[in-house]
Amino acid sequence: FSVIPTLGTNPKNGFQTTNNFSVNLLVGVTGGVEGLEVGGLMNSVKQDVKGMQVAGLGNNVGNNVIGTQVGGLYNANKGTTKGVQAAGLFNFSNNADAFQGAGLMNIVPGEIDGFQASGLFNVAGKQSDAFHAAGLFNVNSGKSQMQIGALFNVAKDVKLGQVSGINVAKEVHGFQIGFINVSDTVSGVPIGLINIVKYGYNRFELYSSEMLYFNAGFKLGVERFYNIFHFGTRLPRFNNFSWGAGYGIGTVLEFTPKTYANIEAMIIHINEKEIWTNELNTIAQLKFLHHQYLGEDVGFFWGPTFNIMLSQKPNSDTGENGSSLVPYTFINKTLNDGTSLKGWVGLNIGFRF
């Protein structure tokens with residue numbers, strides 16, 4: 001028992017003694033623990049802890065911990081932790097094979113195998129192999145089983161997946177779900193608004209369609225799932241200067257080494273005879289495209305497009321709502337609110353690089 005390090009039942013040799021049971025009213029400093037240590041404010045151990053430490057503020061250990069640490073504010077170990085660390089603010093251990101739970105952060109600069117959960121962020125280094133869950137972000141310079149964070153996740157390699165606003169990794173064996181996903185390779189599926197895979201399905205294409213005669217598209221992702229960014233226009237010489245910007249998703253179905261098919265869904269906003277159309281003037285497309293390689297990096301594609309257009313733009317020719325660019329229709333209705341609904345089948349023909 002001690003009140004402060006020099007006031008207790010072992011004032012002379014307490015710094016070198018390994019205790020089976022100790023109670024520190026305010027602050028205690030001991031050589032080691034093999035059992036239970038309880039501190040009102042802080043526990044400080046020079047060597048190892050084997051058992052359990054509980055402190056109102058925090059626990060400091062100069063070497064290894066095998067067991068459980070509970071600190072009102074923090075736990076800090078200079079060696080390896082095997083077991084559980086739980087703290088109101090943060091946990092620190094040079095290496096860990098443990099569960100770490102903290103209100104703010106967990107930091108392991110060396111290697112961690114286990115689980116980190118915190119309110120703000122988790123940091124792991126070197127050849128780590130762990131699960132991470134944080135309110136803001138996770139950073140692992142080694143391997144991660146799974147990372148879940150609100151803002152971003154960063155890892156060298158990922159075995160299962162990443163879920164966050166922004167996910168960054170080198171090799172992903174599972175999935176990525178986020179607003180932006182970045183990786184070198186993905187064996188699973190990246191699902192997001194922007195998927196950047198260094199060795200993935202990255203294509204640029206130029207093509208023509210029945211409404212927008214000149215179109216450019218960027219496809220980013222992997223064959224299972226990719227994003228499409230589109231721009232198209234009609235030249236002024238057609239007496240109909242209009243342009244469109246769109247976004248879509250798609251997947252690849254391989255047939256032979258030289259041929260494959262794309263199934264794509266897109267939404268395109270049409271700016272009709274003006275720089276920007278404020279009214280609803282949007283096309284929803286479903287595409288079935290056949291691709292034939294012409295060389296190692298060049299291919300030709302074509303296929304039908306099923307189009308549904310919703311428009312609230314007044315047509316100066318008819319006096320009703322509806323786009324004047326629609327080539328023909330097999331669906332032509334006016335909804336209760338005056339919105340024009342038109343449908344037709346078109347054709348896309350172009351080259352892909």
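In this text, all values refer to a predicted model and were calculated from it rather than measured experimentally.

Caption draft 1: Molecular detail of the overall build of the protein chain. When its secondary structure is counted, the protein chain shows zero helices and 33 strands. For the protein chain, whose C-alpha radius of gyration is 31 Å, the value lies well above the compact-globule estimate of 20 Å for 353 residues. By principal-axis analysis of the C-alpha atoms, the protein chain measures approximately 100 × 50 × 30 Å. In the protein chain, buried positions account for 44% of the 353 residues. When the accessible surface of the protein chain is totalled, it reaches about 16300 Å², and 65% of it is carbon and sulfur. In the protein chain, the 23 positive side-chain charges and the 23 negative ones have mean positions that sit 4 Å from each other.

Caption draft 2: Representation of the environment of V49 within the structure. Relative to the helices and strands, V49 resides in strand β7 (residues 49–55). Residue class for V49 comes out buried when judged on its relative accessible area of 0%. As a C-alpha pair, V49 and Q147 span 98 residues in sequence and 30 Å in three-dimensional space. Discounting residues that sit within four places of it in the chain, V49 has contacts with V33, V61, N64, V65 and I66.

Caption draft 3: Region of the structure containing the pairing of strand β32 (residues 331–334). Alignment of β32 against strand β33 (residues 340–352), held across four bridges, turns out to be antiparallel. Within β33, the residue paired with K333 across the bridge is L341. In this antiparallel pair of consecutive strands, β32 and β33, the connection spans five residues, and G338 shows a positive phi of 90°.

Caption draft 4: Local environment of the pairing of strand β21 (residues 180–183). Where burial is concerned, the two faces of β21 differ: the one with N181 and S183 is buried and the one with I180 and V182 is not. Pairing analysis gives three bridges linking strand β18 (residues 166–168) to β21, with the strands arranged parallel. Pairing of V168 across the sheet is with V182, part of β21.

Caption draft 5: Local environment of unusual backbone geometry. Phi at K273 is positive, roughly 60°, even though this residue is not glycine. Within the secondary structure layout, K273 lies in the loop between β29 (259–272) and β30 (281–293).

Caption draft 6: Local environment of the side chain of T259. Mapped onto the fold, T259 is located in strand β29. In this structure the side chain of T259 is engaged in a polar contact, spanning 2.7 Å, whose partner is the side chain of T256. Setting aside its immediate chain neighbours within four residues, T259 contacts E254, H290, H291 and Q292.

Caption draft 7: Spatial organisation of the nonpolar core. With 15 residues, the main nonpolar core has M211, I270, I283, M309 and W344 as its most contacted residues. At the level of secondary structure, the elements contributing two or more residues to this core comprise β27 (226–234) and β29. Here the element with the most residues in this core is β29; it accounts for four residues. Sequence-distant contacts of I283, that is, excluding residues within four places in its chain, are made with M211, M266, I267, I268, I270, N307, I308, M309 and W344.

Conventions we followed
Residues numbered from 1 in each chain as written. Predicted model: local features only at pLDDT ≥ 70, side-chain atom pairs only at ≥ 80, totals over all residues. Heavy atoms only, no water. Helix = DSSP H or I, 4+ residues; strand = E, 2+ residues; numbered from the N terminus. Rg over C-alpha atoms; globule rule 2.2 N^0.38 Å. Buried < 20%, exposed > 50% of the residue type's maximum accessible area, 1.4 Å probe, protein only. Areas by Shrake-Rupley, 256 points an atom, 1.4 Å probe, with all protein chains shown as cover. Lys, Arg positive; Asp, Glu negative; His and termini not counted. Charge placed at Lys NZ, Arg CZ, Asp CG, Glu CD. Contact = heavy atoms within 4.5 Å. Pairing = 2+ DSSP bridges. Polar contact = N/O pair within 3.5 Å; in protein donor to acceptor, adjacent residues only side chain to side chain. Core = buried A, V, L, I, M, F, W, Y, C linked by side-chain atoms within 4.5 Å.

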